[in-house]
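Next come the chains, spelled out residue by residue.
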Amino acid sequence: MAIRFAAIANRDQFDPAAWPPIPLTASAIAGWWEFDVDAQHLADGTYEYEFLFNSDRQRPANDPYADEITRFGYYRGLFHISGGIRANRPFRWDAVIEAGAAFPQNNQIVIYEMPLKWMSSATDNSLVDLGTFDKVIFEHLDQLKALGINCIELLPIEDTSQTLDWGYGTRFYFAPDYDMGGPVDAKFFIKCCHAKGIRVILDIVMAFFSPTYPLSDLAEQWFMSPTNDGGRNGWEQNLFRYNTPAYGNYYAAREFLCQMGEFWVNEYHIDGYRIDDFPDIANWDFVQDFHDRTTAASNAAFPAKPFLVIAENTNRQFVTTGPDPGNPNGRKVVDAIWNFGFQQEIRLLATGSLSTNFGQASRTLRVQHFLSKDGTWDGLSNGFNAGYADLACAVNYATSHDVQGAPRMMNVILSPMLQQLGLGDGSVGNVKDIIDNARNPAAASAVQAALDRLFGVFALIMTSVGMPMFLAGEEFGDVHDTDYNATDPKQQDPVQWQRAKLLGNSTFQARVGQLIQLRTSNPALQRNEIQFFYFHPSFDASNGTWVFAYARTNGLPLGSPGQVIVIGNMCRQAFASFSFPAWPWPAQPAAEIAANGGSSSFDTAWRTFSVSLDAFEVRVFTT
């Protein structure tokens with residue numbers, strides 16, 4: 001092993017082949033090599049560098065630990081010299097907030113899933129422009145704070161070879177993506193979020209890595225598993241080697257990724273992780289170690305700051321979020337998982353498609369389960385999945401970045417409405433055109449009705465027992481501009497921010513903001529208790545009246561003050577007045593959250609609360 005480097009200031013004389021190689025020395029750790037840059041007594045400045053393996057000058061390799069990269073003819077790592085020794089670029093955190101307890105706890109957060117590359121869109125071409133750290137800071141962060149967002153989950157920002165895609169093919173695990181901005185840009189983005197009380201969770205890929213990953217060149221036998229190793233899926237990427245050690249009992253890939261996790265906590269002050277493709281990692285003891293080490297790193301650096309490790313567990317294994325004899329060491333593996341069952345059930349309920357067969361759980365039971373923490377229905381096993389112990393064990397959502405098979409909710413709701421009204425075929429292009437150019441009253445009415453129904457989806461997410469999450473753009477009812485079932489177009493469809501300025505969308509976004517602020521401020525929604533106090537007698541019938549109601553009770557008897565009341569009509573029938581007898585809050589006036597002009601009244605003599613309910617409308621009240 002050798003290293004060669006040159007000062008960036010000498011870029012006008014760029015000739016890597018002429019850079020003199022300096023041999024690395026064998027480390028005390030078997031198999032590792034090192035280079036003491038401080039011993040070179042280099043002049044202050046910035047240097048670009050690369051490695052040579054077996055004296056092969058034609059095939060330089062990059063440093064997998066590079067924490068900053070440059071691109072000129074090829075990607076290379078950067079290091080900085082100040083006062084004759086290696087140093088990071090200067091950056092002041094002024095960590096007053098992080099040293100205190102100003103951040104929302106896990107049971108208080110509303111998660112905004114942000115594909116950072118989607119956060120900028122050109123007005124003249126929906127497929128042009130690229131989100132960067134600075135664009136989010138100056139164009140969106142204030143609006144997100146005003147909306148009530150207190151947690152951002154970033155799709156991978158570690159460097160990838162995919163310029164326009166989501167970023168799940170990681171190349172440099174210690175460096176921000178070259179196209180998004182450098183380390184100072186990334187740190188300033190996180191600092192700005194923290195200054196507004198917004199936590200930042202980083203999405204990371206540890207099941208596989210990009211074929212352009214430097215370790216593919218340097219230490220493939222340490223880090224890469226055989227294709228489809230143990231039934232794992234590489235998704236056209238290379239799989240990390242977790243199951244066999246390299247030297248003795250040294251598991252190189254595990255150690256590398258744990259160091260990566262600790263690095264982003266210490267250097268970037270990350271507030272948690274979302275682990276992509278948990279099932280294909282297929283190594284719970286490694287994930288548990290990653291969870292423990294990154295959590296310990298955060299607790300040591302920022303003792304009062306909450307931390308959270310979430311797994312994208314498509315197998316719905318909530319057992320990983322708590323102590324269990326089947327888990328490694330009998331302890332939890334992660335703090336929470338994405339609630340795929342919730343996503344499935346809320347989409348069915350919101351479209352009038354939640355049907356059951358004879359001998360299966362009723363519609364009533366399925367609604368009770370998915371809105372609480374008791375586990376969701378699984379059609380494959382023909383039973384309910386195991387539930388979870390606390391709301392902070394589950395991320396509840398209707399739409400995530402992975403829109404294939406589960407597109408944006410506005411498309412799901414509006415598409416069949418347009419077909420039924422004879423306003424088009426409901427295709428992506430048809431929905432897009434109606435949203436952007438509602439030329440007649442019928443089209444405008446359909447769009448408004450769809451937004452009202454989408455509000456109901458948000459209302460259920462924000463009042464369910466879990467940590468609510470939604471995809472960037474859902475807050476104002478964005479729709480697809482490309483084919484969401486095609487691999488590349490689904491990843492290259494940035495949020496169209498100009499739609500947020502449309503009158504109906506703007507009003508909708510304001511209503512969603514009121515729900516978010518309710519979720520982040522009301523103690524009843526930050527506890528586990530939920531009580532269903534009404535289901536229409538025909539709720540389980542195929543053509544029944546699908547009206548139900550529940551309360552988040554704040555741990556108090558039903559009818560107490562400070563409770564959140566949710567009334568939902570999940571059928572196509574509208575009711576000018578729907579009555580709830582034996583109303584539990586006769587002495588508590590009900591104030592509606594994000595009212596939309598509907599009526600409500602309480603009859604003292606009959607102790608009956610009556611409300612108007614449009615088709616698929618959800619109304620939220622507080623006492």
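Everything discussed here concerns the structure shown above.
Note that the structure is predicted; figures quoted are calculated from it, not measured.

A. Fine view of the packing of helix H14 (residues 441-463) against helix H16 (residues 503-521). Where H14 meets H16, the axes come as close as 10 Å, and the angle between the chain directions of the two elements is 10°. By the criterion of interaxial angle, the relationship of H14 to H16 is roughly parallel. Within the contact between the two elements, H14 uses Gln448, Leu451, Asp452, Leu454, Phe455, Phe458, Ala459 and Met462 and H16 uses Gly504, Asn505, Phe508, Arg511, Val512, Leu515, Ile516 and Arg519.

B. The sheet that holds strand S22 (residues 467-471), seen in detail. The strand order around the closed barrel formed by eight strands is S9-S10-S13-S16-S17-S18-S21-S22, and the pairing between neighbours is parallel. Within this sheet the neighbouring strands show an average axis-to-axis angle of 30°, counted without direction. Here strand S13 (residues 199-205) pairs with strand S16 (residues 272-276) via four bridges, running parallel. By the bridge assignment for S16, Val205 is matched with Asp276.

C. Focus on the layout of surface pockets. Its volume calculated, the largest pocket comes out at about 760 Å³. Mapped onto the lining of the largest pocket, the elements with two or more residues apiece are strand S4 (33-34), strand S5 (45-52), helix H5 (215-218) and helix H6 (220-223). Per element, the largest residue contribution to the lining of the largest pocket is three residues, and it comes from H6. Considered class by class, the residues forming the lining of the largest pocket number 19 nonpolar, three polar and four charged. Broken down by element, the lining of the second largest pocket gets its largest block of residues, four residues, from helix H15 (residues 487-491). Broken down by class, the residue content of the lining of the second largest pocket amounts to five nonpolar, eight polar and eight charged.

D. Geometry of empty space enclosed by the protein. Tallied over the entire structure, the rule returns five cavities of 30 Å³ or more. Taken as a whole, the largest cavity spans an internal volume of roughly 160 Å³. Looking at the largest cavity, it is lined by 15 residues, and the ones nearest its centre are Asp67, Glu68, Asn88, Arg89 and Pro183. If you list the elements that add at least two residues to the lining of the largest cavity, you get strand S7 (75-82), helix H4 (183-195) and helix H7 (252-268). For the lining of the largest cavity, a count of residues per class yields seven nonpolar, two polar and six charged.

E. Geometry of the packing of aromatic side chains. Counted according to the given criterion, the structure contains 61 aromatic pairs. Centre to centre, the rings of Tyr242 and Phe286 are 4.6 Å apart; their planes meet at 25°, and the pair counts as stacked. Of this pair, Tyr242 sits in the loop between strand S15 (238-239) and H7 while Phe286 sits in helix H9 (residues 284-301); the two residues are 44 residues apart in sequence, bridging distant segments of the chain. On the basis of relative accessible area, Tyr242 is assigned to the buried category, the value being 0%. The cationic tip of Arg171 hangs over the ring face of Tyr75; the distance from NZ or CZ to the ring centre is 3.9 Å. One residue, Arg453, lies across the ring of Phe616, its end atom 4.0 Å from the ring centre.

Conventions and cut-offs
Residues numbered from 1 in each chain as written. Predicted model: local features only at pLDDT ≥ 70, side-chain atom pairs only at ≥ 80, totals over all residues. Heavy atoms only, no water. Axes fitted to C-alpha atoms, helices over the stretch in contact; angles between N-to-C directions. Helix = DSSP H or I, 4+ residues; strand = E, 2+ residues; numbered from the N terminus. Parallel < 35°, antiparallel > 145°, perpendicular 65-115°, else oblique. Contact = heavy atoms within 4.5 Å. Pairing = 2+ DSSP bridges. 1 Å grid on protein atoms, 1.4 Å probe; cavity = no way out; pocket = protein on both sides within 12 Å on 5 of 7 lines; lining within 4 Å. Points joined across faces, edges and corners; volume = space filled by probe spheres on them. Nonpolar A, V, L, I, M, F, W, Y, C, P; charged D, E, K, R; others polar. Phe/Tyr/Trp six-rings, centres within 6.5 Å; stacked < 30°, edge-to-face > 60°. Buried < 20%, exposed > 50% of the residue type's maximum accessible area, 1.4 Å probe, protein only. Lys NZ or Arg CZ within 6 Å of the ring centre and 35° of its normal.

Read these as layout, nothing more, since geometry by itself doesn't imply function.
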